Amino acid sequence: MRDLVFGPVPSRRLGLSLGVDIIPLKTCSYNCIYCQIGRTPRPTVERKIYVEPEPILQAVKEAVERGPKPDYVTFSGSGEPTLNSALGEMIRKIKGITEIPVAVITNGSLLWMEEVRRDLSEADLVMPSLDAVSEGVFRRINRAASGLRIEAIVDGLKRFCEEFDGKIWLEIMLVDGVNTSIEELNGLKEIALSLKLDRIQLNTVVRPPAERWARAVPKTRMEEIRRFFGPKAEVIADYVGKAPKIHGAAEANILNVLRRHPCTAEEISDSLGIPIGQVNDRLRSMLRREIVREISHEGKTYFLPRE
Ligand code: SF4
């Protein structure tokens, strides 16, 4: 069974992050062409208790007591966390267990719902996405559940930014030739600069996407776009921070990392604090036994679980 609470693992944006996964794989309101965890079989906007709060709270408590101490407890993982209607209760109770700040990574598609904004108001940091402003590009890149419209989503995001007291980092995922036209970038910039944001984080397809044709924006172009978005914008760099040391190249640890997203051998090595030689040996053995498979993307080799 997959772990509902995992890590702490190094995160490109959050340093050391204790992940909390409150949604079954892969339950989401979107079916993004760039998704690292594959296609969404049936995009949905149905909010319900997909995972009960109690086992989550118990697992967070144990992980915090066990250490190492994470920089954030982060709701993310196998789908869209705001679909779980117990999200607010879980955030509130985690904050009763620990003073470690709580972050939520969300696609932002449900922020037009008052109860979703209320649930998120309990967090310290919310990281919503916005990849498009025109309905056509939104349909092409996010392939949302029926009934979701970009205009309502942008309105919800605006309301949330006005009401929320914590930090907001907006992520824009750029897919070469899909949402990188001057018109779309102008629209995204106009909205981003009108919002009360702490950071604008520009990302691109650095990991294997759900659709092979979703391509990364070249590095030099990403830098131009960063300058275009102004001083709050940053290109999310590869993780270079600290990594917890977990000894032994245990397959369970490697699989746990790969279940979150495809990784290169170097990333597994950084993530688990295992020498690269040991990781390569273990991966070769796992490939032979068909526990993992490998794919190429943007000139790098990534590993994924076969299950
Ligand atoms: S990238 Fe996020 S929002 Fe998009 S389909 Fe995957 S889990 Fe859902």
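None of the values given here were measured: they were computed from a predicted structure.

1. Things to note about unusual backbone geometry
The linkage connecting glycine 7 with the following residue, proline 8, adopts the cis geometry, with an omega of 10°. Structurally, proline 8 is set in strand S1 (residues 5-11). A cis amide bond links leucine 25 to the next residue, lysine 26, at an omega of -20°. Looking at the element boundaries, lysine 26 is found in the loop between strand S2 (15-20) and helix H1 (53-66). The phi dihedral of arginine 143 falls on the positive side, at around 40°, and the residue is not glycine. For arginine 143, the location among the structural elements is in the loop between helix H4 (135-142) and helix H5 (150-163). Looking at arginine 143, the relative accessible area reads 24%, which means it is partly exposed. Unusually for a residue other than glycine, glutamate 298 sits at a positive phi of about 50°. Inspection of the secondary structure puts glutamate 298 in the loop between strand S9 (292-297) and strand S10 (300-305).

2. Notes on the site of the ligand
Inspection of the region around the ligand gives Lys26, Cys28, Tyr30, Asn31, Cys32, Tyr34, Cys35, Thr40 and Asn107 as its neighbouring residues. When each cavity is represented as a set of grid points, the ligand is found to reside in the largest pocket. Residues belonging to the shell around the ligand are distributed by class as follows: 5 nonpolar, 3 polar and 1 charged.

3. Notes on the nonpolar core
Counting residues in hydrophobic clusters, the biggest one holds 75 residues, and the most contacted among them are Phe75, Val175, Leu202 and Phe229. Per-element accounting of this core gives the leading share, 6 residues, to H5. Non-local contacts of phenylalanine 75, meaning those with residues more than four positions away in its chain, are made with Val20, Ile22, Pro81, Leu87, Met90, Ile91, Ile94, Val102, Ala103, Val104 and Ile105. Counting 14 residues, the second-largest nonpolar core is a separate cluster that includes Val257, Ile268, Leu272 and Val292.

4. Focus on the environment of leucine 202
As for its placement among the helices and strands, leucine 202 is situated in strand S7 (residues 199-204). The sequence separation of leucine 202 and phenylalanine 229 amounts to 27 residues, and the corresponding C-alpha distance is 9.3 Å. Filtering out sequence-adjacent residues up to four positions away, leucine 202 remains in contact with Ile172, Leu174, Met222, Ile225, Arg226, Phe229, Ala233, Glu234, Val235 and Ile236.

5. Notes on the sheet that holds S7
The sheet built from 8 strands is open, its strands ordered S1-S2-S3-S4-S5-S6-S7-S8 with mixed pairing. Lying at the two open borders of the sheet, with one neighbouring strand each, are S1 and strand S8 (233-235). Within this sheet the neighbouring strands show an average axis-to-axis angle of 25°, counted without direction. Note: strand S3 (residues 72-75) against strand S4 (residues 102-106), 3 bridges, orientation parallel. Pairing of phenylalanine 75 across the sheet is with valine 104, part of S4.

6. Description of the domain arrangement of the protein chain
A common way to state how big an interface is: give the accessible area lost once the parts meet. When its domains are assigned, the protein chain resolves into domain 1 (5-235) and domain 2 (251-305). Between domain 1 and domain 2, the C-alpha centre-to-centre distance is 25 Å. Taken together, the contact pairs 15 residues of domain 1 with 13 residues of domain 2. Across the domain 1/domain 2 interface, buried area totals approximately 1,200 Å², and carbon plus sulfur atoms make up 53% of it. In this structure, glutamate 267 engages arginine 207 in a salt bridge whose closest nitrogen and oxygen atoms are separated by 3.0 Å.

7. Here we look at the packing of aromatic side chains
Centre distance and the angle of the planes are the two values used to describe a pair of aromatic rings. Tallied over the full model, the rule gives 3 aromatic pairs. Judged by centre distance (5.7 Å) and plane angle (70°), the rings of tyrosine 30 and phenylalanine 138 are edge-to-face. Linking tyrosine 30 in the loop between S2 and H1 with phenylalanine 138 in helix H4, this pair joins segments that are 108 residues apart in sequence. Assessed through its relative accessible area of 4%, tyrosine 30 is described here as buried. According to the relative accessible area criterion, phenylalanine 138 is buried, its value standing at 0%. Taking the centre distance of 5.7 Å and the plane angle of 85° together, the rings of phenylalanine 228 and phenylalanine 229 count as edge-to-face.

What counts and what doesn't
- Each chain has its residues counted from 1, running along the sequence as written.
- Only residues with pLDDT of at least 70 get local features here, since the model is predicted, and only at 80 or more are side-chain atom pairs given and counted; chain-wide, interface and lining totals rely on the full set of residues.
- The side-chain figures draw on all heavy atoms in the structure; neither hydrogens nor water molecules are used.
- Labels follow the DSSP assignment, with helices taken as runs of H or I lasting at least four residues and strands as runs of E lasting at least two, numbered in each case from the N terminus.
- Throughout this description, buried means an accessible area under 20% of the type-specific maximum (1.4 Å probe, protein chains only), exposed means over 50%, and partly exposed covers the range between.
- Proximity is defined per residue: if any heavy atom of the residue lies within 4 Å of a molecule or strand, that residue is considered near it.
- Each cavity reported here is a set of points on a 1 Å grid over the protein atoms alone in which a 1.4 Å probe fits but cannot get out, each pocket an open set with protein on both sides within 12 Å along at least five of seven lines, and each lining residue one with an atom within 4 Å of a point.
- For this analysis, a molecule is said to be in a pocket or cavity if more than half of its atoms are within 2 Å of the grid points defining it.
- In this classification, Asp, Glu, Lys and Arg are treated as charged, Ala, Val, Leu, Ile, Met, Phe, Trp, Tyr, Cys and Pro as nonpolar, and every other residue, Gly included, as polar.
- Nine residue types can take part in a nonpolar core, namely buried Ala, Val, Leu, Ile, Met, Phe, Trp, Tyr and Cys, and a core is a set of them joined through side-chain atoms within 4.5 Å.
- Any pair of residues with heavy atoms lying within 4.5 Å of one another is described as a contacting pair.
- For two strands to be treated as a pair, DSSP must find no fewer than two bridges joining them.
- Here the axes come from fitting lines to C-alpha atoms, over the contacting stretch only for helices, and the angles between their N-to-C directions go from 0 to 180 degrees.
- Note that the domain bounds were set by an automatic or database domain assignment.
- Throughout, buried area stands for the accessible area (probe radius 1.4 Å) lost by two parts on being put together, summed over both.
- We define a salt bridge as a contact between a side-chain nitrogen of Lys or Arg and a carboxyl oxygen of Asp or Glu at a distance within 4 Å.
- A pair of aromatic rings is counted whenever rings of Phe, Tyr or Trp (Trp by its six-membered ring) have centres within 6.5 Å, and the orientation is called stacked for planes under 30 degrees apart, edge-to-face for over 60 and tilted otherwise.

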